[in-house]
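# Inside the fold
Listed below, chain by chain, are the residues.
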Amino acid sequence: MEARATVKYARISSRKVKIVLDLIRNKPVGVAMGILKNTPKAASEILIKLLNSAIANASNNNNMDVNSLYISECFATQGPTLKRIRPRAQGRAFKILKRTSHITLVLSEKE
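Let me sum up the structure you'll find in this document. Please read all numbers here as calculations on a predicted model, not as lab measurements.

Rules used in this analysis
- Residues numbered from 1 in each chain as written.
- Predicted model: local features only at pLDDT ≥ 70, side-chain atom pairs only at ≥ 80, totals over all residues.
- Heavy atoms only, no water.
- Phe/Tyr/Trp six-rings, centres within 6.5 Å; stacked < 30°, edge-to-face > 60°.
- Lys NZ or Arg CZ within 6 Å of the ring centre and 35° of its normal.
- Helix = DSSP H or I, 4+ residues; strand = E, 2+ residues; numbered from the N terminus.
- Buried < 20%, exposed > 50% of the residue type's maximum accessible area, 1.4 Å probe, protein only.
- Contact = heavy atoms within 4.5 Å.
- Pairing = 2+ DSSP bridges.
- Axes fitted to C-alpha atoms, helices over the stretch in contact; angles between N-to-C directions.
- Parallel < 35°, antiparallel > 145°, perpendicular 65-115°, else oblique.
- Left-handed = near helix turned anticlockwise from the far one by under 90°.
- Arc of directions from axis to C-beta.

## A few points about the packing of aromatic side chains
One pass over the full model with this rule turns up 0 aromatic pairs. Directly above the aromatic system of Phe94 lies the positively charged group of Arg88, at a separation of 5.1 Å from the ring centroid. Across from the ring centre of Tyr70, 5.0 Å away, lies the NZ or CZ of Lys110, which sits over that ring.

What follows is the structure, encoded as structure tokens:
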């Protein structure tokens, strides 16, 4: 039995999210929440909301015990890139790539 939560089109690069996901992979939910609250990265704020959503899905939809949950799987994939243009000197244009990501957390129960 597993509970899953995803966020699509998060306005942060998947490369930045993967750094924080590596810190919480295969950790119990309480430990992972503590790590996220004390990590000074932009991705940790998004991941706190996502972890709370996954915990709520586990307890409400699947009747899982919250105390025995751990993060069994977590990954971030690249979403669509928003392309913007910034004016530069002598009439040139500079392309700005605003990257997005799709983040998935999967919680399972310890046996």
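## Considering the side chain of Thr104
Mapped onto the elements, Thr104 comes out in strand E5 (residues 101–109). Accessibility expressed as a relative area gives 8% for Thr104, which makes it buried. Not counting residues within four places of it along the chain, the set of residues in contact with Thr104 comprises Arg4, Ala5, Thr6, Glu73, Cys74 and Phe75.

## Remarks on the sheet that holds strand E2 (residues 69–78)
The strand order across the open sheet built from 3 strands is E1-E5-E2, with neighbouring strands paired in antiparallel fashion. Bordering the open sheet on either side are strand E1 (2–10) and E2, each of which pairs with just one other strand. Ignoring strand direction, the axes of neighbouring strands in this sheet form an average angle of 15 degrees. Where E1 lies against E5, 7 bridges are found, and the strand directions are antiparallel. Bridge pairing in E5 links Ala10 to Ser101. Across the sheet, helix H1 (residues 14–24) touches E2 and E5, and the angle it forms with E2 is around 165 degrees. The sheet strands contacting helix H3 (residues 42–60) are E1, E2 and E5, and the helix crosses E1 at an angle near 145 degrees.

## Focus on the packing of helix H2 (residues 29–37) against H3
Look at H2 against H3: their axes get within 9 Å of each other, and the N-to-C directions meet at 160 degrees. On the basis of their axis angle, the class for H2 and H3 is roughly antiparallel. The handedness of the crossing between H2 and H3 is left-handed. Together, Val29, Ala32, Met33, Leu36 and Lys37 of H2 and Ser44, Leu47, Ile48, Leu51, Asn52 and Ile55 of H3 make up the contact between the two elements.

## Things to note about H1
The complete set of buried residues in H1 reads Ser14, Val17, Val20, Leu21 and Ile24. Each buried residue of H1 lies within a common arc of 125 degrees when the element is viewed along its axis, so the set occupies one face. For H1, exposure combined with an orientation more than 90 degrees from the buried face picks out Arg15 and Lys16. Looking at the buried side of H1, the elements it contacts are H2, H3, E2 and E5. One or two positions beyond H1, positive phi appears at Asn26, with a value near 65 degrees.

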